[in-house]
Amino acid sequence: MYTQFFGNYLLSNGYVTTEQLFSAMQREATQHMKLGTLAIHAGLMTAAQVDETVIQQTHQDRKFGELAVELGYMTDDQVLTLLKQQNPAYLTLGQVLLDDGVLTNADFEKIMKDYGSSNGISDLDAVTEMPQAIHNLLNHFLLKSETDISHNGYMFVELLFNDFIRFIGEDFTPLAVEEVAEVPVKCCVKQEVHGEYAINTYISMDEPTAIAFASRYVHDEFKEYDEYVQSSLEDFLNLQNGLFIVNVSNDSNTELTLGVPEAQETDTLHFKGRTLHFTILYPFGNTDFYVEQA
């Protein structure tokens, strides 16, 4: 989940625009990691040392690692270790932004330090195995969005992000949460959760995004928006909510029930209760998720 919140951090702190982030996300899958980026991330070189090594490369036809060793910035063993290691997924996003000139090496060095520090993360590579780190990341995300959320609401959001990762793909960035009263929608599906924690949930996106979303979800390739794509959206929403009511039952012995997912034949949703809007930015488009207090 570090990758997703990393993109949001860059956006909310003004390092990138939504357009720059979206462009980078579309190209990160084909990105080649550079040794200088890995060295900064590993704390083996500073941004200034990487910049100096790159300058030296412009004067002689030498590999970055060879020059870094010659300049005394790294050892041969450190270079080999960096070349062999499994690169953290979020670094590819950073590399695209570096190549685009959106970030400098100095920016990247500062971001790595500040982001880990502000979220209580000492080892950025191990964050996916640290429950407290994930808790800190999600809290920080909601805090930045100035969103007041209940215990069950927090469980729902955490599960939602995890389900996007598990079933659609981890290459997304959540944008800031906002409260809404009325929104335009396109391909939209609704499902109600009944009981002590009663909510109405909606997932909405345009047709091309819905086709790509459904294709990822069922591991098949749809060509047009049809009943199979709509059924995939309904199934994802039902999956999310089904897992949620199980978690609530295990957490507090509170029994919730689900309504049947149904397509919304309208261009605009009008909400009666407090409604939170989550925008999930994927390389193929925006997915909008709404949680309304019933």
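These numbers come from a predicted model, not from an experiment.

Student: Got a minute to help me understand the overall build of the protein chain in this structure?
Tutor: From N to C terminus, the protein chain includes twelve helices and ten strands. Counting only C-alpha atoms and orienting by the principal axes, one finds that the protein chain spans roughly 65 × 40 × 30 Å. Buried positions account for 49% of the 294 residues belonging to the protein chain. Residue pairs in contact within the protein chain that sit at least 24 positions apart in sequence constitute 67% of those at least 6 positions apart. As displayed, the protein chain offers around 14,200 Å² of accessible surface, 47% of which is attributable to carbon and sulfur atoms. Between the centroid of the 15 positive side chains of the protein chain and the centroid of its 44 negative side chains there is a distance of 6 Å.

Student: Looking at this structure, I do not really get the side chain of Asn-241. What am I missing?
Tutor: For Asn-241, the position within the fold is in helix H12 (residues 227–252). In this structure the side chain of Asn-241 is engaged in a polar contact, spanning 2.9 Å, whose partner is the side chain of Thr-201. When sequence neighbours within four positions are dropped, the list of residues in contact with Asn-241 reads Phe-156, Gln-191, Val-193, Thr-201 and Leu-258.

Student: I keep staring at unusual backbone geometry and nothing clicks. Help me out?
Tutor: The phi torsion of most residues other than glycine is negative, and most of the peptide bonds are trans. With a phi close to 60 degrees, His-219 is a non-glycine residue in the positive phi region. With respect to the helices and strands, the residue His-219 is situated in the loop between helix H11 (207–218) and H12. The exposure class assigned to His-219 is exposed, which follows from its relative accessible area of 73%. Although it is not a glycine, Asn-253 adopts a positive phi angle of roughly 60 degrees.

Student: Sorry if this is basic, but what is going on with the environment of Glu-146 here?
Tutor: Structurally, Glu-146 is set in the loop between helix H9 (131–144) and helix H10 (151–167). The sequence separation of Glu-146 and Val-177 amounts to 31 residues, and the corresponding C-alpha distance is 8.1 Å.

Student: I tried to follow helix H4 (residues 47–57) on my own but got confused; where do I start?
Tutor: Helical geometry: 3.6 residues make up each α-helical turn, so side chains three or four residues apart lie on a common side. When we look at burial in H4, the residues that qualify are Ala-47, Val-50 and Thr-53. Viewed end-on, H4 has its buried residues packed into an arc of 125 degrees, placing them on one side of the element.

Student: What is the right way to read the state of the cysteines from this model?
Tutor: If you walk through the whole model with that rule in mind, you get zero disulfides. With no disulfide of its own, Cys-187 has Cys-188 as its nearest cysteine by sulfur position, at a separation of 9.0 Å.

Student: Explanation requested: the nonpolar core in the structure shown.
Tutor: One recurring pattern in soluble globular proteins is that nonpolar side chains are buried together. Met-74, Leu-138, Phe-161, Phe-164, Phe-213, Phe-244 and Phe-289 are the most contacted members of the largest nonpolar core, which has 77 residues in total. Per-element accounting of this core gives the leading share, eight residues, to H10. Not counting the four nearest positions on each side in its chain, Phe-213 is found in contact with Phe-164, Ile-168, Ile-203, Met-205, Leu-233, Phe-236, Phe-284 and Thr-287. Counting residues in each nonpolar core, the second largest holds eight residues, with Val-185, Cys-188, Tyr-202 and Leu-269 among its members.

The rules behind the values
- Residues numbered from 1 in each chain as written.
- Predicted model: local features only at pLDDT ≥ 70, side-chain atom pairs only at ≥ 80, totals over all residues.
- Heavy atoms only, no water.
- Helix = DSSP H or I, 4+ residues; strand = E, 2+ residues; numbered from the N terminus.
- Buried < 20%, exposed > 50% of the residue type's maximum accessible area, 1.4 Å probe, protein only.
- Contact = heavy atoms within 4.5 Å.
- Areas by Shrake-Rupley, 256 points an atom, 1.4 Å probe, with all protein chains shown as cover.
- Lys, Arg positive; Asp, Glu negative; His and termini not counted.
- Charge placed at Lys NZ, Arg CZ, Asp CG, Glu CD.
- Polar contact = N/O pair within 3.5 Å; in protein donor to acceptor, adjacent residues only side chain to side chain.
- Arc of directions from axis to C-beta.
- Disulfide = S-S within 2.5 Å.
- Core = buried A, V, L, I, M, F, W, Y, C linked by side-chain atoms within 4.5 Å.

Function cannot be read off these values alone, since they describe shape.
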